[in-house]
Amino acid sequence: MNMLFFINPNAGHLELKSHLLDVLQVFASGGWTVTVHPTQGPKEMTRVIAQRGHDYDLIVCCGGDGTLNEAVSGLML
């Protein structure tokens, strides 16, 4: 099972930063092969999901409302 895990390092008060390795370990222990993709700029996640999202069984995003909006927009293309 393949997962694409987006993290927006510029999102507000992203508390996940200090626990990111723990979270990834939980997924890996559950049998997921995790590809981590830190976002680099606006609309990048939308483009990546639209282009490569079909290669993954699960897409996860961490950030704020804008991050979630970009992920959903990419899934709709």
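Up top is the structure these notes are about.
Residues numbered from 1 in each chain as written. Predicted model: local features only at pLDDT ≥ 70, side-chain atom pairs only at ≥ 80, totals over all residues. Heavy atoms only, no water.

### Quick notes on the packing of helix α2 (residues 44–52) against helix α3 (residues 65–76)
In contact at an axis separation of 7 Å, α2 and α3 are set at 30° when each is read in the N-to-C sense. When the interaxial angle is binned, α2 and α3 end up roughly parallel. Remark: the crossing between α2 and α3 carries right-handed chirality. Residues Glu 44, Met 45, Thr 46, Ile 49 and Ala 50 of α2 pack against Thr 67, Glu 70, Ala 71, Ser 73, Gly 74 and Leu 75 of α3. The class makeup of the residues in the contact of α2 with α3 is five nonpolar, four polar and two charged. (Axes fitted to C-alpha atoms, helices over the stretch in contact; angles between N-to-C directions. Helix = DSSP H or I, 4+ residues; strand = E, 2+ residues; numbered from the N terminus. Parallel < 35°, antiparallel > 145°, perpendicular 65-115°, else oblique. Left-handed = near helix turned anticlockwise from the far one by under 90°. Contact = heavy atoms within 4.5 Å. Nonpolar A, V, L, I, M, F, W, Y, C, P; charged D, E, K, R; others polar.)

### Some points on the sheet that holds strand β3 (residues 58–62)
Spatially, the three strands line up as an open sheet ordered β2-β1-β3, and their pairing is parallel. Unpaired on one side and paired on the other, β2 (33–38) and β3 mark the two borders of the sheet. The sheet shows a mean angle of 20° between the axes of neighbouring strands, direction not considered. Of the pairings in the sheet, the one linking strand β1 (residues 2–7) to β2 comprises six bridges and is parallel in character. When the bridges of β2 are listed, Phe 6 appears paired with His 37. In the packing of α2 onto the sheet, the strands contacted are β1, β2 and β3, and the crossing angle to β1 comes to about 170°. (Pairing = 2+ DSSP bridges.)

### Some points on the nonpolar core
Met 3, Phe 5, Ile 7, Leu 16, Leu 20, Leu 24, Val 60 and Cys 62 form the largest nonpolar core, which has eight residues in total. For this core, the elements supplying multiple residues, two or more each, are β1, α1 (20–29) and β3. Not counting the four nearest positions on each side in its chain, Met 3 is found in contact with Phe 27, Trp 32, Thr 33, Val 34, Thr 35, Tyr 56, Leu 58 and Val 60. (Core = buried A, V, L, I, M, F, W, Y, C linked by side-chain atoms within 4.5 Å. Buried < 20%, exposed > 50% of the residue type's maximum accessible area, 1.4 Å probe, protein only.)

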